[in-house]
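Observations on the model geometry
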Amino acid sequence: MGYFVHKSSYIEEDVHIGEGTKIWHFCHIQSGAHIGNDCSFGQNVNVANHVTVGSDVKIQNNVSLYEGVVLEDGVFCGPSCVFTNDLTPRARYPKGRANYKKTLVKEGATIGANATIVCGTTIGRNAMVGAGAVVTRDVPDNALVMGVPAEIVGWVCACGNRLDEDGACAKCKNKYEITKVGE
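Below, the structure is looked at part by part. (Residues numbered from 1 in each chain as written. Predicted model: local features only at pLDDT ≥ 70, side-chain atom pairs only at ≥ 80, totals over all residues. Heavy atoms only, no water.)

**Side note on the pattern of salt bridges**
Summed over all chains, the structure comprises 4 salt bridges. Residues E107 and R125 are paired through a salt bridge, measuring 3.8 Å at the closest nitrogen-oxygen approach. Here E107, found in the loop between β15 (103–105) and β16 (110–111), pairs with R125, found in the loop between β18 (122–123) and β19 (128–129); they are 18 residues apart in sequence, far enough to count as distant. Look at E107 and you get partly exposed, because its relative accessible area is 37%. (Salt bridge = Lys/Arg side-chain N within 4 Å of Asp/Glu carboxyl O. Helix = DSSP H or I, 4+ residues; strand = E, 2+ residues; numbered from the N terminus. Buried < 20%, exposed > 50% of the residue type's maximum accessible area, 1.4 Å probe, protein only.)

**A look at the side chain of S9**
Positionally, S9 belongs in the loop between β1 (4–5) and β2 (10–11). S9 gets classed as buried once you look at its relative accessible area, which sits at 13%. A polar contact of 2.5 Å, which involves the side chain of S9, links it to the backbone oxygen of W24. Of note is the side chain of S9, whose polar atom sits 2.9 Å from the backbone nitrogen of C27. For S9, the residues in contact, after removing those within four places along its chain, are I23, W24, H25, F26 and C27. (Polar contact = N/O pair within 3.5 Å; in protein donor to acceptor, adjacent residues only side chain to side chain. Contact = heavy atoms within 4.5 Å.)

**Focus on the environment of H16**
Turning to its location among the elements, H16 is positioned in strand β3 (residues 16–17). With relative accessibility at 38%, the residue H16 sits in the partly exposed group. As for H16 and I29, which are separated by 13 residues in sequence, their C-alpha atoms are 9.7 Å apart. Residue contacts for H16: discarding those within four places in its chain leaves A33, H34 and I35.

**Thoughts on the nonpolar core**
F41, L65, L71 and F83 are the most contacted members of the largest nonpolar core, which totals 41 residues. Elements supplying a minimum of two residues to this core: β12 (69–71) and β21 (143–146). If we skip the residues at most four places from it in the chain, F83 touches V63, S64, L65, Y66, V69, L71, C77, T103, V105, I111 and I117. (Core = buried A, V, L, I, M, F, W, Y, C linked by side-chain atoms within 4.5 Å.)

**Quick notes on the side chain of N126**
Counting through the fold element by element, N126 comes out in the loop between β18 and β19. A relative accessible area of 10% places N126 in the buried class. When near neighbours in sequence (up to four residues on either side) are disregarded, N126 contacts E107, G108, A109, N142, V156 and A158.

**Overview of the sheet that holds strand β7 (residues 40–41)**
The 9 strands are arranged β1-β4-β7-β10-β13-β16-β19-β21-β22 in an open sheet whose pairing can be described as mixed. Each edge of the sheet is formed by a strand with only one pairing partner; in this case those strands are β1 and β22 (151–155). (Pairing = 2+ DSSP bridges.)

**Focus: the pairing of β21**
Sheet analysis places β19 next to β21, joined by 2 bridges and oriented parallel. Among the inter-strand pairings, M128 is bridged to a residue of β21, identified as L144. In this structure, β21 lies alongside β22, joined through 4 bridges in antiparallel fashion. Looking at the pairing, M146 lines up with E151 of β22. Where β21 hands over to β22, the hairpin turn is made up of 4 residues, of which G147 adopts a positive phi near 100°.

The structure is reproduced here in structure tokens:
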């Protein structure tokens, strides 16, 4: 097989799981899901039909990836972060997958514990969403967003360290050009 699935987890048919991936207790991977290499899924993770998860992704406990969610390589999803796929859900009037909105989390992005990602948004490359934030619109590359609704409060390096006002990372010494969104 080349990957590990805990005996309490359930993997449906027509699922791709990459080499080196570890799927821990009480997870459910639904048909059509595609999971890359060297991923880690904590306890009680649900991956819905046709979800795509890149390689080197870490998903902490109690996360559900609903249909329409795409996680690129190197994404981190903190404990109990929430994804949605329908902007106007109704129990009595389900609209089905044709109305699901896509959510894209680009390479290297981090989503903090208990953050909510409203569908139809894109979280940029190496962006960081603070714990408990509610993302209602796109997040630019390397942005640090916090709050309800999430607002840009700073910028982060690919290594995760907050950049200074000159766009420099004190930890790894990378330098970025900081521009205002929309310029």
